[in-house]
Amino acid sequence: MQGITLTTSVDTIQGGSGNDTITALQATTATFTIGDNIIGGAGTDTLNILNTTATASAVVSIDGVENINVRMLQADTQAFDATDWSGVAVLSNASSIADSTLSVSGLTIATTINVNDESNV
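Figured I'd write up the structure that's included with this text. (Residues numbered from 1 in each chain as written. Predicted model: local features only at pLDDT ≥ 70, side-chain atom pairs only at ≥ 80, totals over all residues. Heavy atoms only, no water.)

Structural notes on the overall build of the protein
At step 1: For the protein, the helix and strand inventory stands at 0 helices and 12 strands.
At step 2: When the helices and strands of the protein are placed in sequence order, the string is β-β-β-β-β-β-β-β-β-β-β-β.
At step 3: In terms of overall dimensions, the protein is globule-like: its C-alpha atoms have a radius of gyration of 13 Å, near the 14 Å expected for 121 residues.
At step 4: Across its three principal axes, the protein shows a C-alpha extent of roughly 40 × 30 × 25 Å.
At step 5: Among the 121 residues that make up the protein, the fraction classed as buried is 40%.
At step 6: Looking at the protein alone, contacts between residues at least 24 apart form 44% of all its contacts between residues at least 6 apart.
At step 7: Counting only carbon and sulfur atoms, one obtains 51% of the accessible surface of the protein, whose full area is about 5,700 Å². (Helix = DSSP H or I, 4+ residues; strand = E, 2+ residues; numbered from the N terminus. Rg over C-alpha atoms; globule rule 2.2 N^0.38 Å. Buried < 20%, exposed > 50% of the residue type's maximum accessible area, 1.4 Å probe, protein only. Contact = heavy atoms within 4.5 Å. Areas by Shrake-Rupley, 256 points an atom, 1.4 Å probe, with all protein chains shown as cover.)

See the structure below:
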């Protein structure tokens, strides 16, 4: 199991043989950035995205990361383009504040969507 934190540069992340947890920030100084390439590897991998300000959706390639959790800390709408995401089994709007909305386009029909607490999808 690895704990991986994205950087403000373009990242290429390769998960290990266990259950990996990848952490990203979408903010004024973002680590979930255009050109990032995240490959989960073996195991059940999780990407946690903390969103602190509405920003343009970064075009990020995600493969083999089974769980993606987005937590929004502002009452706004955050859009993600998931056309270059594969292997995502569960997408959760996790413990976001009231009146925040997560908008995701391009997900496969096999992805389960969870809404936790005050947020909207």
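Thoughts on the side chain of Thr31
At step 1: By secondary structure assignment, the location of Thr31 is in the loop between β3 (21-26) and β4 (37-39).
At step 2: Within polar-contact distance, the side chain of Thr31 engages the backbone nitrogen of Leu25 at 2.7 Å.
At step 3: Not counting chain neighbours up to four residues away, the residues in contact with Thr31 comprise Leu6, Thr7, Thr8, Asp11, Thr23, Ala24, Leu25 and Asp36. (Polar contact = N/O pair within 3.5 Å; in protein donor to acceptor, adjacent residues only side chain to side chain.)

Overview of the packing of aromatic side chains
At step 1: One pass over the structure, following the stated rule, counts 2 aromatic pairs.
At step 2: Look at Phe80 and Trp85: their rings are 6.2 Å apart centre to centre, the planes differ by 55 degrees, and that puts the pair in the tilted class. In terms of burial, Phe80 and Trp85 fall into one category: buried.
At step 3: Through a chain of ring-to-ring contacts, three or more aromatic side chains come together here, namely Phe32, Phe80 and Trp85. (Phe/Tyr/Trp six-rings, centres within 6.5 Å; stacked < 30°, edge-to-face > 60°.)

Thoughts on the pairing of strand β7 (residues 67-72)
At step 1: Only one face of β7 is buried: it carries Ile68, Val70 and Met72, and the other face, with Asn67, Asn69 and Arg71, is open.
At step 2: Pairing of strand β5 (residues 46-51) with β7, which is carried by 6 bridges, proceeds in the parallel orientation. Bridging from a neighbouring strand, Leu50 pairs with Arg71 of β7.
At step 3: Here 4 bridges tie β7 to strand β10 (residues 90-96), and the two strands are oriented parallel to one another. By the bridge assignment for β10, Asn67 is matched with Val90. (Pairing = 2+ DSSP bridges.)

Brief notes about a nonpolar patch on the surface
At step 1: Where nonpolar side chains cluster on the molecular surface, the patch consists of Leu50, Leu73 and Ile97 and spans about 200 Å² of accessible area.
At step 2: Among the structural elements, Leu50 can be located in strand β5.
At step 3: When its relative accessible area of 31% is taken as the criterion, Leu50 is described as partly exposed. (Patch = residues over 30% accessible without salt bridge, like charges linked within 9 Å, V, L, I, M, F, W, Y side chains within 5 Å. Salt bridge = Lys/Arg side-chain N within 4 Å of Asp/Glu carboxyl O.)

Remarks on the nonpolar core
Nonpolar side chains tend toward joint burial in soluble globular proteins.
At step 1: Residues Phe32, Ile38, Leu47, Ile62, Ile68 and Trp85 are the most contacted members of the largest nonpolar core, which totals 22 residues.
At step 2: Considering every element that reaches this core, the biggest residue donor is β7, with 3 residues.
At step 3: Look past the residues within four positions of Ile38 in its chain and what remains in contact with it is Leu6, Ile13, Ile22, Phe32, Leu47, Val60, Ser61, Ile62, Asp63 and Val65. (Core = buried A, V, L, I, M, F, W, Y, C linked by side-chain atoms within 4.5 Å.)

These figures come from the coordinates and say nothing about function on their own.
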